[in-house]
Amino acid sequence: MKIDLTGKITLVTGGPGGIGESIVRHLAACGATVAIHFSKNAEHAKKLMEEAGNDSKSFHADLSEPKNAVKLFNDVLDAYERVDVLVNNAGVYIKSPNDEKIDEWLATWNRTIAINLTAAGVLCREAINNFKKHDGGRIIHIASRAAFRGDYEDYFAYAASKGGMVALSKTIARAYGKHNIKSFVVAPGFVRTPIVDEYIKEHGSASIMKELSLVELTTPEDVAPTVVFLASGLMDHATGCSIDINAASYVR
Ligand SMILES: NC(=O)c1ccc[n+]([C@@H]2O[C@H](COP(=O)([O-])OP(=O)(O)OC[C@H]3O[C@@H](n4cnc5c(N)ncnc54)[C@H](OP(=O)(O)O)[C@@H]3O)[C@@H](O)[C@H]2O)c1
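These remarks concern the structure in this document. (Residues numbered from 1 in each chain as written. Predicted model: local features only at pLDDT ≥ 70, side-chain atom pairs only at ≥ 80, totals over all residues.)

## Section: the packing of helix α3 (residues 68-80) against helix α4 (residues 102-131)
At a minimum axis separation of 9 Å, α3 and α4 run at an interaxial angle of 35°. Note on packing geometry: the crossing formed by α3 with α4 is right-handed. Residues Ala69, Val70, Phe73 and Leu77 of α3 touch α4, and the partners they reach there are Ala119, Val122, Leu123, Glu126, Ala127 and Asn130. (Axes fitted to C-alpha atoms, helices over the stretch in contact; angles between N-to-C directions. Helix = DSSP H or I, 4+ residues; strand = E, 2+ residues; numbered from the N terminus. Left-handed = near helix turned anticlockwise from the far one by under 90°. Contact = placed C-beta atoms within 7 Å.)

## Quick word on the pairing of strand β2 (residues 33-38)
Here β2 lies mainly inside the structure; 6 of its 6 residues are buried. What you see with β2 is no split at all: Thr33, Ala35 and His37 on one side and Val34, Ile36 and Phe38 on the other are buried throughout. Across 4 bridges, the pairing between strand β1 (residues 9-12) and β2 is parallel. Bridge pairing in β2 links Val12 to Ile36. Both β2 and strand β3 (residues 57-60) contribute to a ladder of 4 bridges, which runs parallel. Following the sheet pairing, Ala35 is matched in β3 by Lys57. Read from β2 through helix α2 (residues 42-52) to β3, the crossover connection turns out right-handed. (Buried ≥ 20, exposed ≤ 12 C-beta atoms within 10 Å, placed from the backbone. Pairing = 2+ DSSP bridges. Right-handed = clockwise from strand over helix to strand, strands pointing away.)

## Quick notes on the nonpolar core
The tendency in soluble globular proteins is for nonpolar side chains to be buried side by side. Val24, Leu27, Val34, Ile36 and Val227 are the most contacted members of the largest nonpolar core, which has 67 residues in total. With 9 residues, α4 is the largest single contributor of residues to this core. (Core = buried A, V, L, I, M, F, W, Y, C linked by C-beta atoms within 7 Å.)

## What about the packing of α4 against helix α6 (residues 156-176)?
One way to put it is that α4 packs onto α6 with a least axis distance of 8 Å and a crossing angle of 15°. Our classification of the angle between α4 and α6 gives roughly parallel. Relative to α6, the crossing made by α4 is right-handed. Seen from α4, the contacting residues are Thr108, Trp109, Thr112, Ile113, Asn116, Leu117, Ala120, Gly121, Cys124 and Ile128; seen from α6, they are Ala157, Tyr158, Ser161, Lys162, Gly164, Met165, Leu168, Ile172 and Tyr176. A class-by-class count of the residues in the contact of α4 with α6 yields 12 nonpolar, 6 polar and 1 charged. (Parallel < 35°, antiparallel > 145°, perpendicular 65-115°, else oblique. Nonpolar A, V, L, I, M, F, W, Y, C, P; charged D, E, K, R; others polar.)

## Section: α4
For α4, spanning 30 residues, the distance from its first C-alpha to its last is 41 Å, which sits close to the expected 44 Å at 1.5 Å a residue. At Ala114, α4 shows its largest bend, some 45°. (Expected span 1.5 Å × (residues − 1). Bend = angle between axes of the 7 residues up to and from the residue.)

## Here we look at the site of the ligand
Surveying the vicinity of the ligand reveals 28 residues, the closest of which are Gly14, Gly17, Gly91, Thr193 and Ile195. The leading source of residues in the shell around the ligand is helix α1 (residues 18-29), at 3 residues. Counted by class, the shell around the ligand contains 15 nonpolar, 11 polar and 2 charged residues. (Near = placed C-beta within 6 Å.)

## Observations regarding the environment of Ile94
Mapped onto the elements of the fold, Ile94 is located in the loop between β4 (85-88) and α4. When the C-alpha atoms of Ile94 and Arg111 are compared, they prove to be 9.1 Å apart, with 17 residues separating the residues in sequence. Sequence-distant contacts of Ile94, defined by excluding residues within four places in its chain, comprise Thr108, Arg111 and Thr112.

## Here we look at the pairing of strand β6 (residues 181-188)
Among the 8 residues that make up β6, 8 are buried, leaving the element largely enclosed by the rest of the structure. In terms of strand pairing, β6 meets strand β7 (residues 242-245) through 4 bridges, oriented parallel. If you follow Val185 over to β7, its bridge partner there is Ser242.

This is the structure:
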């Protein structure tokens, strides 16, 4: 079996991040043209874009203001005229203890929901409106084990944002199948990337390893191939599903 994504326009948010860069590389290796979104990491996005080839380009948007997602999508349309696959990958994982002052707690809650869920929802809206104008499309949401198992005590907002993402994906799958639009969730457990640096610094990687059934911590390369497979169309009849990649740390 060979996956050929030549000519497919794929928008990956959070492209320069740990999981994002692996997704970009794997999609590009299968021939896809990747619209690489970044917020701060312009240099890395540029480097990735050059490596990816296939007329891939980078696009800036700070998704903590979710309306910027509309401009992001329009910028991608200006460059390529359509999008075939959206990968909602950008996200933050911010500690927020429940004894924090309410203003700080709410600031983290609002920022997390804005980036992880609201901006993803806006991009889905834009993508669906574009997919309906051509022959459909696929959306892949990088959610989390936290959506199904729940998260640790200091991460209420993160778990809530990812739970919302799962409900969003199921709704799209059910509502837009007849428009040839498919929606999937990939739900990783701990993956060694910068997003978990603070947690690992505080708790150590041994506490994470204890939860896994495998002997190695999951890496972005354990996540990205599933995204390519979902993007390819080979999994279309699994639309609405969530795929766990958590080294059996939580088996549903
Ligand atoms: N690593 C894990 O253990 C794990 C587990 C389950 C789920 N996930 C999910 O996987 C996804 C990717 O995470 P990762 O592990 O690759 O983390 P990461 O390396 O920290 O990457 C996060 C990405 O999100 C982008 N981002 C952050 N703030 C943003 C903002 N305000 N506006 C737009 N983009 C923003 C970053 O862009 P810039 O670099 O340009 O700022 C970065 O590319 C996230 O949705 C995360 O929740 C991760």
